[in-house]
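Survey of secondary and tertiary structure
As a plain string of letters, each chain reads:
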Amino acid sequence: MKELTPKQIVRELDKYIIGQGKAKKAVAIAMRNRWRRQQVDGYMRDEIMPNNIIMIGSTGVGKTEISRRLAALTSAPFVKVEASKFTEVGYVGRDVESMIRDLMDTSFNMVQREKEEEVIGLAESLANERIIDILFPNKKKNDSSISEEKQERHARTRSRLRKKLENGDFEDNIIEIEIEQETITGMQVLGPIGMDDFGMNIKDMLSNAIPKSKKPRKMPASEAREVLIESEAQKLIDNDEVIRIAKERTENNGIIFIDEIDKVVNGNGGQGPDVSREGVQRDLLPIVEGSNVNTKYGVISTDHILFIAAGAFHISTPSDMIPELQGRFPIRVELDKLKTKDFIKILTHPKSALIKQYVALLEAEGVSLEFEPSSIKAVSEIATEVNMKTENIGARRLHTIMTTLLEQPLFEHPKPGQKNIKITAKYVKDALGDIVVDQDLSRYIL
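Residues numbered from 1 in each chain as written. Predicted model: local features only at pLDDT ≥ 70, side-chain atom pairs only at ≥ 80, totals over all residues. Heavy atoms only, no water.

1. Topic: the overall build of the chain
Each helix and strand in the chain was counted, giving 18 helices and 11 strands. Across the 446 residues in the chain, those meeting the buried criterion constitute 41%. For the chain, contacts bridging at least 24 residues in sequence account for 79% of all contacts bridging at least 6. Total accessible area on the chain stands at roughly 24,900 Å², and carbon and sulfur atoms take up 50% of it. (Helix = DSSP H or I, 4+ residues; strand = E, 2+ residues; numbered from the N terminus. Buried < 20%, exposed > 50% of the residue type's maximum accessible area, 1.4 Å probe, protein only. Contact = heavy atoms within 4.5 Å. Areas by Shrake-Rupley, 256 points an atom, 1.4 Å probe, with all protein chains shown as cover.)

Structure representation (structure tokens):
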């Protein structure tokens with residue numbers, strides 16, 4: 001994990017997310033505390049538990065984005081799960097332990113990519129040697145009776161061929177290579193909860209026991225190189241080392257974002273038909289408070305995984321959760337509703353702001369798109385108004401408005417003669433005015 005201070009983390013998050021200072025501060029402290037724990041020696045290191053967080057706020061205010069950007073910033077394994085997808089043990093659906101298996105899969109893939117980058121140079125060199133062997137096979141390669149002079153001559157010839165290959169002379173040559181194929185193409189296991197993951201584990205075990213078949217395929221040398229580089233890189237990587245590092249990252253740096261946590265909380269005192277909601281909370285409890293979960297890579301301890309839960313809590317409140325689970329989420333942060341000034345910043349300030357995205361899209365057609373400040377304000381005011389009159393979906397409203405606003409230029413271009421488009425406040429009013437006034441229409445379009 002990168003050694004970023006809480007202030008540095010908040011500054012980095014500010015590049016992508018507007019406002020929500022309290023939430024940013026909470027996650028920044030939580031992340032720094034993980035680094036601090038790893039600097040502690042002795043038994044105290046294992047005693048320090050992460051402070052899990054509940055983010056409370058309506059959709060589109062930045063809950064998921066804060067967690068996702070935080071994980072990317074710190075290079076931590078990250079998984080987003082929907083609480084509503086899980087069910088109590090004995091019901092049909094996914095079991096809660098599957099989130100830990102997913103996190104370990106993510107961590108394994110991250111470490112494997114890093115290891116591949118370390119050996120990519122050597123793998124590319126070995127792949128080129130294999131291509132030369134295929135293009136110009138040497139049948140007497142292991143013949144001890146060949147004179148030393150012939151061997152030297154062959155080495156010089158091979159060196160010239162290698163230079164030609166590096167210069168791209170043989171890129172279009174069609175060659176035949178053998179590609180490994182999975183022996184088991186598909187498997188379906190029907191049964192109670194968790195069987196989907198159980199079926200995947202069976203498939204993994206059987207695929208390791210049964211040797212992979214090789215199928216010959218013809219392709220240009222340029223395409224074959226990519227396949228061979230991947231194959232050679234896999235041979236150079238120590239899989240046991242990858243698993244060891246991935247397990248360590250999962251247990252110490254892993255982040256699980258549990259979205260829609262309010263959907264498994266009863267706001268009517270436990271009454272009603274959906275009695276399995278409390279059961280899901282009870283199943284989540286041992287995972288959040290710390291337990292051991294079996295995965296195909298080994299046993300994973302969840303003691304120091306950071307859990308960030310989020311929900312709108314329109315009908316219920318965090319205090320409606322079972323007391324034991326409430327205690328495992330000591331930090332509660334309420335995210336602010338977005339206003340017109342926030343929408344203006346969202347459209348312009350972040351690195352990947354929505355306006356910048358549309359400018360880049362039309363630049364691909366050779367068209368310059370420009371927004372006047374008054375037009376950005378007009379779009380923001382419309383977003384605020386529609387959110388107030390209909391369902392409040394936060395910043396996601398900007399996507400629907402911008403798509404409707406730019407529908408015509410996106411459809412018409414490329415268009416001969418027009419290389420510049422300027423969006424004014426009048427253009428916004430003409431394009432969206434009637435839709436905003438008609439509430440029924442705005443429900444469907446915006």
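2. Quick word on unusual backbone geometry
With phi around 55°, Ser75 is a residue other than glycine that occupies positive phi space. Residue placement: Ser75 occurs in the loop between helix 4 (63-74) and strand 2 (78-82). In this structure Ser75 comes out as partly exposed when scored by relative accessible area, which is 34%. Positive phi, normally seen in glycine, also occurs at Glu260, with a value near 55°. Checked against the element boundaries, Glu260 lands in the loop between strand 5 (255-259) and helix 10 (276-289).

3. Re helix 12 (residues 340-348)
Along helix 12, the residues that are buried comprise Asp342, Phe343, Ile346 and Leu347. Taken around the axis of helix 12, the buried residues stretch over an arc of 135°, which confines them to a single face. Buried residues in helix 12 make contact with helix 13 (354-363), helix 14 (373-389) and helix 15 (396-405). (Arc of directions from axis to C-beta.)

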